[in-house]
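# A look at the structure
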Amino acid sequence: QVQLVESGGGLVQAGGSLRLSCAASGRTRSTYYMGWFRQAPGKEREFVAAISWSGSSTYFADSVKGRFTISRDNAKNTVALQMNSLKPEDTAVYYCAATNDVARLPTREYVYDYWGQGTQVTVSS
């Protein structure tokens, strides 16, 4: 089992920045891909970004490309999502996820085995 705990959410004005962090514990060797998803009120959860174990492969939703970056520190078992130039439409609960599935692209919910509880991000206009 892998436990994931997110932190760093909050309220920020449009154009501002936030950095989300996710700490993994347990069988952290089962986290080949780590990703971030988000769910806005009344909407389905959607993919935001993902990163491979080595960090050599990263994936981003079109809506966040050029504004968000993802990084990981395997020594500390953490993954971070740096969010810049935030927009009101980025408001959502952000979830950290992990999977050891290396055969499928890490951009779909069903690929992930482990999920955090989520952290709220609110961007005011």
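Structure first, text after, so check above.
How each quantity is defined
Here the residue numbering is sequential within each chain, running from 1 through the sequence in written order. Under the rules for a predicted model, residues below a pLDDT of 70 receive no local features and side-chain atom pairs below 80 are neither given nor counted, while totals for whole chains, interfaces and linings still include all residues. The basis for every side-chain value is the complete set of non-hydrogen atoms in the structure, without hydrogens or water. Secondary structure elements follow DSSP: runs of H or I of four or more residues count as helices, runs of E of two or more count as strands, with numbering from the N terminus. For the purposes of these results, a polar contact is taken to be a pair of N or O atoms within 3.5 Å, where, inside protein, one atom must be able to donate a hydrogen and its partner to accept one; residues adjacent in sequence count only when each atom of the pair is a side-chain atom. For this analysis, residues touch if any pair of their heavy atoms sits within 4.5 Å. By the convention used here, strands pair only if DSSP detects at least 2 bridges between them. Here, axes are lines fitted to C-alpha atoms. For helices the fit covers the stretch in contact, and angles between N-to-C directions go from 0 to 180 degrees. When two cysteine sulfur atoms are found within 2.5 Å, that pair is recorded as a disulfide. A 1.4 Å probe rolled over the protein chains alone gives each residue an accessible area, and that area as a share of the maximum for its type sets the label: buried under 20%, exposed over 50%, partly exposed in between. By salt bridge we mean one thing: a side-chain nitrogen of Lys or Arg within 4 Å of a carboxyl oxygen of Asp or Glu. Pairing of aromatic rings covers Phe, Tyr and Trp, the last counted by its six-membered ring, and requires centre-to-centre distances within 6.5 Å; plane angles under 30 degrees mean stacked, over 60 mean edge-to-face, and any other angle means tilted. We call a charge positioned above a ring when the Lys NZ or Arg CZ atom is no farther than 6 Å from the ring centre and deviates by at most 35 degrees from the ring normal.

For Gln82, the position within the fold is in strand β8 (residues 78–83). Polar contacts involving the side chain of Gln82 include one to the side chain of Arg19, which spans 3.3 Å. Those residues within four positions of Gln82 in sequence are excluded, and the remaining contacts are Ser17, Leu18, Arg19, Arg67, Phe68 and Thr69.

Spatial strand order, β1-β3-β8-β7: 4 strands in an open sheet with antiparallel pairing. Of all strands in the sheet, those with a lone pairing partner are β1 (2–7) and β7 (68–73), marking the two edges. Strand-to-strand twist in this sheet, taken as the mean axis angle between neighbours without regard to direction, amounts to 15 degrees. In terms of strand pairing, β7 meets β8 through 6 bridges, oriented antiparallel. Looking at β8, one finds that Ser71 is bridged to Ala80.

Moving on, we get to the state of the cysteines. By the definition in use, this model includes 1 disulfide. Cys22 shares a disulfide with Cys96; S-S distance 2.1 Å. The sign of the S-S torsion, about -80 degrees, decides the handedness of the disulfide formed by Cys22 and Cys96: left-handed. Here Cys96 lies in strand β9 (residues 92–99) and Cys22 lies in strand β3 (residues 18–26), a separation of 74 residues in the sequence. Like Cys96, Cys22 is buried.

Turning to the pattern of salt bridges, a few remarks are in order. By the definition in use, this model includes 6 salt bridges. The partner of Asp90 in a salt bridge is Arg38, with the nearest N and O atoms 2.9 Å apart. Of this pair, Asp90 sits in the loop between β8 and β9 while Arg38 sits in strand β4 (residues 33–39), and the two are 52 residues apart along the sequence. Residues Asp90 and Arg38 agree in their burial class; the two are buried.

On to the packing of aromatic side chains. The tally for this structure, following the rule as stated, stands at 6 aromatic pairs. Geometrically, the ring pair formed by Tyr32 and Tyr33 is edge-to-face, given 4.9 Å between the ring centres and 90 degrees between the ring planes. Cluster of aromatic residues (ring-pair linked, three or more members): Phe37, Phe47, Tyr112 and Trp115. Between the NZ or CZ atom of Arg45 and the centre of the ring of Tyr95, over which it lies, the distance is 4.7 Å. Of note, Arg45 hangs over the ring of Trp115, and the distance from its end group to the ring centre comes to 3.9 Å.

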